Amino acid sequence: MHYYLIPRKNPKLLSIIIPCYNEESSLPFLKERLNELIKILPTKVEVIFVNDGSTDQTIFQLVSWSNSDPQIQVISLSRNFGHQLAVTAGMDYAKGDAVVVMDADLQDPPEVILEMLAKYREGYDVVYGQRLARSGESFFKKTTAWAFYRLMKILVHKDLPLDSGDFRLISRRCLDALNGLRENHRFLRGMNAWIGFPQTPVFYKRDPRVAGETKYPLRKMLKLAMNAAVSFSPLPLRFSLGLGIIVALIGFGVGVYALFRAFQHFILEMPIVYNPGWATIVTLICLIGGSILISIGILGEYIARIFEESKGRPLYVVEFVNGFSIGEKPRK
Ligand code: UDP
Ligand code: MG
């Protein structure tokens with residue numbers, strides 16, 4: 001893909017968005033690395049921490065950090081809304097000409113932001129971190145993540161980059177477009193791919209978490225995968241249509257076979273060799289029943305989303321903010 005790139009200067013202000021959910025043990029490490037980085041960054045910086053309903057000391061640490069450093073701002077959500085919504089809150093409040101989204105656990109090395117800025121100056125609007133290697137993660141996490149990205153590429157968008165998470169730099173014009181998409185069930189990477197704009201990877205080695213546990217257990221990964229699949233693509237609906245057709249064809253085949261056997265028996269007066277019957281019936285009932293239920297289930301997922309969206313609720317609720325100028329409102 002060849003983009004028409006217009007070179008630009010460094011952003012005047014860079015917003016770094018960091019969602020935090022029970023990150024008390026990572027924050028001291030993050031603070032050190034981030035302060036190092038801010039010293040060498042060629043731009044002004046605002047760091048927006050989004051406290052996503054943490055139940056540990058996270059919010060206390062964040063507020064005291066923000067009180068001692070005017071570059072640090074905190075948005076505290078009223079409960080745990082999940083990573084994607086926490087990032088959205090940060091994006092709504094960001095004032096920078098470019099924003100960077102990163103994890104609190106230093107799995108995304110902050111120094112990569114310098115390379116991202118270089119690509120930004122070349123004219124790219126989205127610079128996503130693409131992982132070269134994952135160290136310190138279990139075989140299970142690696143394989144599920146591998147499968148996840150391949151499946152999502154099919155379901156969500158062909159431009160969805162492989163092996164990259166939400167660690168990315170986004171330009172202001174792209175962010176404004178992204179902030180305009182207000183769906184409740186968000187899969188930011190997919191939405192980003194949908195928006196378009198020139199995008200390019202920077203490659204990096206994903207480090208192990210500095211401290212604490214992953215906040216993305218299998219349950220949340222499955223939820224994200226489900227969101228990505230169902231919110232983006234009508235393909236699952238077609239899947240149930242396909243399944244229905246296959247089952248109907250099998251039923252038709254079995255019917256023809258039964259007629260054939262009846263013909264042999266009654267017309268040709270051949271003896272019935274083997275005709276237990278019940279196994280066929282039970283198999284067919286399970287097959288048909290199962291596929292009907294699967295199809296209803298998939299339909300249900302879509303209806304549930306229509307229901308959620310039709311309520312028109314806000315995406316997240318802010319309990320308080322700290323470190324923003326008085327009266328400052330999110331841009332959205
Ligand atoms: N996170 C969040 N809300 C959640 C789950 C995670 O804000 O409900 C944050 C978390 O604190 C971290 C980032 O999102 O900064 C990514 O989560 P994590 O590192 O646990 O995911 P992983 O890297 O293991 O996929
Ligand atoms: Mg992480």
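What this report covers is the structure whose coordinates are included nearby. (Residues numbered from 1 in each chain as written. Chains lettered and ligands numbered in written order. Predicted model: local features only at pLDDT ≥ 70, side-chain atom pairs only at ≥ 80, totals over all residues. Heavy atoms only, no water.)

## A few points about the environment of Ala262
Link 1 in the chain: The topology assignment puts Ala262 in helix α9 (residues 235-267).
Link 2 in the chain: According to the relative accessible area criterion, Ala262 is partly exposed, its value standing at 28%.
Link 3 in the chain: Once the C-alpha coordinates of Ala262 and Met152 are considered, the two residues, 110 residues apart in sequence, prove to be 48 Å apart. (Helix = DSSP H or I, 4+ residues; strand = E, 2+ residues; numbered from the N terminus. Buried < 20%, exposed > 50% of the residue type's maximum accessible area, 1.4 Å probe, protein only.)

## Quick word on the nonpolar core
Link 1 in the chain: Among the nonpolar cores identified, the biggest contains 42 residues, and Val50, Leu77, Met91, Met152 and Phe187 are the most heavily contacted of them.
Link 2 in the chain: Tallying contributions element by element places helix α3 (residues 83-93) first for this core, with six residues.
Link 3 in the chain: In contact with Met91, not counting residues within four places along its chain, are Ile17, Val101, Ile170, Leu175, Leu178 and Asn179.
Link 4 in the chain: Judged by nonpolar contacts, the second largest core, of 34 residues, contains Leu37, Val74, Val100 and Phe167. (Core = buried A, V, L, I, M, F, W, Y, C linked by side-chain atoms within 4.5 Å. Contact = heavy atoms within 4.5 Å.)

## Digging into the coordination of the magnesium ion (ligand 2)
Link 1 in the chain: In this structure, Asp103 (OD), Asp105 (OD) and Gln107 (OE1) serve as the protein donors to the magnesium ion (ligand 2), at separations of 2.0 to 2.6 Å.
Link 2 in the chain: Classification of Asp105 by relative accessible area gives buried; the value is 1%. (Donors = N, O, S within 2.8 Å, 3.2 Å for Na, K, Ca; no water.)

## Some points on the site of ligand 1
Link 1 in the chain: Neighbouring ligand 1 are 19 residues; Glu23, Asp52, Gln107, Thr214 and Lys215 lie closest to it.
Link 2 in the chain: At 3.5 Å, a backbone N or O of His83 approaches a nitrogen atom of ligand 1.
Link 3 in the chain: Between ligand 1 and Arg209, the relevant distance is 3.0 Å, taken from an oxygen atom to a side-chain nitrogen or oxygen of the residue.
Link 4 in the chain: Alone, ligand 1 offers 530 Å² of accessible surface; in the complex the protein occludes 95% of this.
Link 5 in the chain: Tallied by class, the residues present in the shell around ligand 1 amount to five nonpolar, five polar and nine charged. (Near = heavy atom within 4 Å. Polar contact = N/O pair within 3.5 Å; in protein donor to acceptor, adjacent residues only side chain to side chain. Areas by Shrake-Rupley, 256 points an atom, 1.4 Å probe, with all protein chains shown as cover. Nonpolar A, V, L, I, M, F, W, Y, C, P; charged D, E, K, R; others polar.)

## As for the side chain of Ser26
Link 1 in the chain: Here Ser26 is to be found in the loop between β1 (13-20) and α1 (27-40).
Link 2 in the chain: With a relative accessible area of 0%, Ser26 lands in the buried category.
Link 3 in the chain: At 2.8 Å, the side chain of Ser26 forms a polar contact with the side chain of Glu23.
Link 4 in the chain: When sequence neighbours within four positions are dropped, the list of residues in contact with Ser26 reads Ala104, Asp105, Arg209, Val210 and Ala211.

## Some details on the packing of helix α5 (residues 139-155) against helix α8 (residues 218-232)
Link 1 in the chain: Running from amino to carboxyl end, α5 crosses α8 at an angle of 10°, the nearest separation of the two axes being 10 Å. Here α5 is positioned roughly parallel relative to α8, judged by the angle of their axes. Residues Phe140, Lys141, Thr144, Phe148, Met152 and Leu155 of α5 form the contact with α8, whose participating residues are Leu218, Met221, Leu224, Ala225, Ala228 and Ala229.
Link 2 in the chain: Residues of the contact of α5 with α8, tallied by class, amount to ten nonpolar, one polar and one charged. (Axes fitted to C-alpha atoms, helices over the stretch in contact; angles between N-to-C directions. Parallel < 35°, antiparallel > 145°, perpendicular 65-115°, else oblique.)

## Here's the deal with the packing of aromatic side chains
Link 1 in the chain: Evaluated as defined, the whole model comprises five aromatic pairs.
Link 2 in the chain: Summarising the aromatic geometry, the rings of Phe148 and Phe187 are spaced 6.3 Å apart at their centres and angled 85° between planes, so their arrangement reads as edge-to-face. Pair noted here: Phe148 is in helix α5 and Phe187 is in the loop between α6 (172-179) and α7 (188-195), with a separation of 39 residues, a long-range link. Per residue, the accessibility class of Phe148 equals that of Phe187, and both read buried.
Link 3 in the chain: When the centroid spacing of 5.3 Å and the interplanar angle of 80° are considered together, the rings of Phe167 and Tyr204 count as edge-to-face. Note that Phe167 is positioned in the loop between α5 and β6 (168-171) and Tyr204 in strand β7 (residues 199-206), a separation of 37 residues in sequence.
Link 4 in the chain: By relative accessible area, Phe167 is classed as buried at 2%.
Link 5 in the chain: Exposure remark for Tyr204: the relative accessible area of 3% places this residue in the buried category.
Link 6 in the chain: For the cation-ring pair, Arg8 lies above Tyr120, with the distance from its terminal atom to the ring centre recorded as 4.3 Å. (Phe/Tyr/Trp six-rings, centres within 6.5 Å; stacked < 30°, edge-to-face > 60°. Lys NZ or Arg CZ within 6 Å of the ring centre and 35° of its normal.)

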